[in-house]
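Working through the structure, step by step
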Amino acid sequence: MKYSLENFLEGPLRSKLWNAFSFVVIRNPWTRLVSGYQNKVSNTSNNQAYKRIGEGMVRRMRNITDKAVLANLHPTFEEFIKVLVLDKGRSDRHFKPQFSIMCVPNAAYHYIVPLEFSDQMEEDVSRKIGRDVIPRGSYDKVTSDPRYQKSTLLAKEWLSGIDKELLEQFYEIYKADFVMGNYSNFTDPDFPLPKYP
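Quick look at the structure, then. (Residues numbered from 1 in each chain as written. Predicted model: local features only at pLDDT ≥ 70, side-chain atom pairs only at ≥ 80, totals over all residues. Heavy atoms only, no water.)

**Focus: the overall build of the protein chain**
On a plain count of helices and strands, the protein chain comes out with nine helices and two strands. In the protein chain, the succession of α and β elements from N to C terminus is α-β-α-α-α-α-β-α-α-α-α. Sorting the 197 residues of the protein chain into buried and exposed places 41% on the buried side. If you take every contact in the protein chain between residues at least 6 apart in sequence, the share linking residues at least 24 apart comes to 66%. With the model as given, the accessible surface of the protein chain reaches about 12,400 Å², and the carbon-plus-sulfur share is 52%. (Helix = DSSP H or I, 4+ residues; strand = E, 2+ residues; numbered from the N terminus. Buried < 20%, exposed > 50% of the residue type's maximum accessible area, 1.4 Å probe, protein only. Contact = heavy atoms within 4.5 Å. Areas by Shrake-Rupley, 256 points an atom, 1.4 Å probe, with all protein chains shown as cover.)

What follows is the structure in structure tokens.
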């Protein structure tokens, strides 16, 4: 990215960057997984930029090479997870572990804000940087409670039907994201909220 912070690490702004207040917003890996699938490669997605990625997943999982056949197929949710596991999370940036795509690698962030608590953190972060911050929050327009949002409900439903060994493999690849946000499993009653003592 032309204007990413990484590009300034060797320039004259280096010392200012390392001393600046920094924060990053992260998302529960389980709900991020469901959202990535649904919005990028599922049969309900109209995202043409990801159509070829979805076709590639189907080709790998079902060994289909006929382009005409592939044009009308989408990966299942389980196939999507299998590809992420096979690729060890090194695929498209929307599917990579969050810790690997943070703006400044190895930075010491002042705040790691779970998306599920971004509304509550807005005032504190705004005060630290001296301007209003509009948290991205959820795209769910029905409820602001993360436990009842569409991606959470879909995650509970879809993940409960996936092979436990595959989910364990996914967890191991994305473990740093789970630890970074202190996120619990999708079977927890307060899922997707982080667990705090």
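**Some points on empty space enclosed by the protein**
Here the structure, examined in full by the defined rule, presents one cavity of 30 Å³ or more. Within this model, the largest cavity holds a volume of roughly 70 Å³. Pro 29, Arg 32, Leu 33, Gly 36, Phe 80, Leu 84, His 94, Phe 95, Phe 170 and Tyr 174 together form the lining of the largest cavity. If you list the elements that add at least two residues to the lining of the largest cavity, you get helix 2 (29–41) and helix 5 (77–86). Ranked by the residues each element gives to the lining of the largest cavity, the list is headed by helix 2, at four residues. Of the residues contributing to the lining of the largest cavity, the split by class is seven nonpolar, two polar and one charged. (1 Å grid on protein atoms, 1.4 Å probe; cavity = no way out; pocket = protein on both sides within 12 Å on 5 of 7 lines; lining within 4 Å. Points joined across faces, edges and corners; volume = space filled by probe spheres on them. Nonpolar A, V, L, I, M, F, W, Y, C, P; charged D, E, K, R; others polar.)

**Digging into the packing of helix 2 against helix 7 (residues 150–159)**
Helix 7 packs onto helix 2 with a crossing angle of 95 degrees between their chain directions and a minimal axis gap of 9 Å. Viewed along their axes, helix 2 and helix 7 adopt a mutual orientation that is roughly perpendicular. Here Trp 30, Thr 31, Leu 33, Val 34, Tyr 37 and Gln 38 of helix 2 lie close against helix 7, whose contacting residues are Lys 150, Ser 151, Thr 152, Leu 154, Ala 155, Trp 158 and Leu 159. The class makeup of the residues in the contact of helix 2 with helix 7 is eight nonpolar, four polar and one charged. (Axes fitted to C-alpha atoms, helices over the stretch in contact; angles between N-to-C directions. Parallel < 35°, antiparallel > 145°, perpendicular 65-115°, else oblique.)

**Here's the deal with a nonpolar patch on the surface**
Taken together, the side chains of Phe 23, Val 25 and Ile 129 present a nonpolar region at the surface, about 220 Å² in accessible area. With respect to the helices, strands and loops of the structure, Phe 23 is situated in strand 1 (residues 23–26). Given the relative accessible area of 31%, Phe 23 is considered partly exposed. (Patch = residues over 30% accessible without salt bridge, like charges linked within 9 Å, V, L, I, M, F, W, Y side chains within 5 Å. Salt bridge = Lys/Arg side-chain N within 4 Å of Asp/Glu carboxyl O.)

**Observations regarding the packing of helix 5 against helix 8 (residues 164–173)**
One can describe the packing of helix 5 onto helix 8 by two numbers: an axis separation of 9 Å at closest approach and a directional angle of 45 degrees. One way to sum up the angle between helix 5 and helix 8 is to call them oblique. Of the two elements, helix 5 crosses helix 8, and the hand of that crossing is left-handed. Residues Glu 78, Ile 81, Lys 82, Leu 84 and Val 85 of helix 5 touch helix 8, and the partners they reach there are Leu 166, Leu 167, Gln 169, Phe 170 and Ile 173. When the residues that make up the contact of helix 5 with helix 8 are grouped by side-chain class, the tally is seven nonpolar, one polar and two charged. (Left-handed = near helix turned anticlockwise from the far one by under 90°.)

**What to know about the pattern of salt bridges**
All chains considered together, the criterion is met by five salt bridges. Put simply, Glu 55 and Lys 51 hold a salt bridge, and the shortest N to O gap is 3.4 Å. With a gap of four residues between them, Glu 55 and Lys 51 both fall in helix 3 (residues 51–62), about one helical turn apart. Under the relative-accessibility criterion, Glu 55 is labelled buried at 16%.

**Describing the nonpolar core**
Counting 31 residues, the largest nonpolar core has Trp 30, Leu 33, Phe 77, Phe 80, Ile 81, Leu 159 and Phe 170 as the members making the most contacts within it. Of all the elements in the fold, those that place two or more residues in this core are strand 1, helix 2, helix 5, helix 7 and helix 8. Per-element tally for this core: the top contributor is helix 5, with six residues. With residues near it in sequence (within four places) discarded, Phe 170 still touches Pro 29, Trp 30, Leu 33, Ile 81, Leu 84, Val 85 and Phe 178. (Core = buried A, V, L, I, M, F, W, Y, C linked by side-chain atoms within 4.5 Å.)

**Looking at the environment of Ser 35**
Along the chain, Ser 35 falls in helix 2. Using a relative accessible area of 12% as the deciding quantity, one classes Ser 35 as buried. Sequence-wise, Ser 35 and Phe 95 are 60 residues apart; in three dimensions their C-alpha atoms are separated by 10.0 Å. In this view, Ser 35 contacts Arg 27 and Lys 40; residues no more than four positions away in its chain are not counted.

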